[in-house]
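Coordinate inspection notes
What follows is the residue order along each chain.
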Amino acid sequence: QVQVVESGGGLVQAGGSLRLSCTASGMISSINNMGWYRQAPGKQRDLVALVTSGGTTRYGDSLKGRFTITRDSARNTVYLQMISLRSEDTAVYYCNAEVAFVGGGNYYSYWGQGTLVTVSS
């Protein structure tokens, strides 16, 4: 069993900053990609940013520069630093981890329950 738990969401004014954290726990052998996705009301879930096990990062359209993803592999944790927030950044932010179990070889995708970020204008 794997748990993916996010924290750090909340209400922030436009132009402000917020830092999200996500930790995966359980019988984990290794984690491939870890990343953040977001879903605004009535819209699809989109990539915000992800980081591979090798440290390569990838960002959603137009987010690089305002959003920065970092990873602490020893703690199975990923962070998302968000600056210059805009009202259109309002969404539920979900963490995803691709996990291999102890004794296994395949990677499985796990999602957190989501954390709400609300940016007031």
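The structure contained in this document is the topic of the report that follows. Just so you know, these numbers come straight off a predicted model, no measurement behind them. (Residues numbered from 1 in each chain as written. Predicted model: local features only at pLDDT ≥ 70, side-chain atom pairs only at ≥ 80, totals over all residues. Heavy atoms only, no water.)

**Regarding the state of the cysteines**
Within this structure, the stated rule accounts for one disulfide. The residue that forms a disulfide with Cys 22 is Cys 95, at a sulfur-sulfur distance of 2.0 Å. Here the disulfide of Cys 22 and Cys 95 is left-handed, its torsion about the S-S bond being about -80 degrees. Highlighted residues: Cys 22 in strand E3 (residues 18-26) and Cys 95 in strand E9 (residues 91-101), separated in sequence by 73 residues. On the accessibility criterion, Cys 22 (0% relative accessible area) is buried. (Disulfide = S-S within 2.5 Å. Helix = DSSP H or I, 4+ residues; strand = E, 2+ residues; numbered from the N terminus. Buried < 20%, exposed > 50% of the residue type's maximum accessible area, 1.4 Å probe, protein only.)

**Some remarks on the packing of aromatic side chains**
In total, this model carries three aromatic pairs according to the counting rule given. Note on Tyr 37 and Trp 111: the rings are 5.1 Å apart at their centroids and 65 degrees apart in plane angle, and the pair reads as edge-to-face. Here Tyr 37 is found in strand E4 (residues 28-39), whereas its partner Trp 111 is found in strand E10 (residues 107-111), with 74 residues between them in sequence. Ring centres of Phe 101 and Tyr 110 lie 6.0 Å apart, and the angle between their planes is 90 degrees; on these two criteria the pair is classed as edge-to-face. Following the ring pairs from residue to residue traces out a cluster consisting of Phe 101, Tyr 108 and Tyr 110. (Phe/Tyr/Trp six-rings, centres within 6.5 Å; stacked < 30°, edge-to-face > 60°.)

**A short note on the layout of surface pockets**
The computed volume of the largest pocket comes to approximately 210 Å³. In terms of lining, the largest pocket is formed by 13 residues, of which the most central are Arg 38, Lys 43, Gln 44, Asp 46 and Glu 88. Elements with a minimum of two residues in the lining of the largest pocket: E4 and strand E5 (46-51). Of the residues belonging to the lining of the largest pocket, the class tally is four nonpolar, four polar and five charged. (1 Å grid on protein atoms, 1.4 Å probe; cavity = no way out; pocket = protein on both sides within 12 Å on 5 of 7 lines; lining within 4 Å. Points joined across faces, edges and corners; volume = space filled by probe spheres on them. Nonpolar A, V, L, I, M, F, W, Y, C, P; charged D, E, K, R; others polar.)

**Some points on the sheet that holds strand E8 (residues 77-82)**
Strand order in this open sheet of four strands is E1-E3-E8-E7, and the pairing throughout is antiparallel. Looking at which strands have only one partner, the edges of the open sheet turn out to be strand E1 (2-7) and strand E7 (67-72). With strand direction ignored, the average angle separating the axes of adjacent strands in the sheet is 15 degrees. When E1 meets E3, the two strands line up antiparallel, connected through six bridges. For Glu 6, the partnering residue across the bridge sits in E3 and is Cys 22. (Pairing = 2+ DSSP bridges. Axes fitted to C-alpha atoms, helices over the stretch in contact; angles between N-to-C directions.)

**Quick notes on the pattern of salt bridges**
Here the structure, examined in full by the defined rule, presents three salt bridges. Among the ionic pairs, Arg 75 bridges to Asp 72, the shortest N-O distance being 3.1 Å. A relative accessible area of 58% places Arg 75 in the exposed class. Judged by its relative accessible area of 23%, Asp 72 is partly exposed. Each of the salt bridges in this network shares a partner with another, and the network as a whole consists of Arg 38, Arg 66 and Asp 89. (Salt bridge = Lys/Arg side-chain N within 4 Å of Asp/Glu carboxyl O.)

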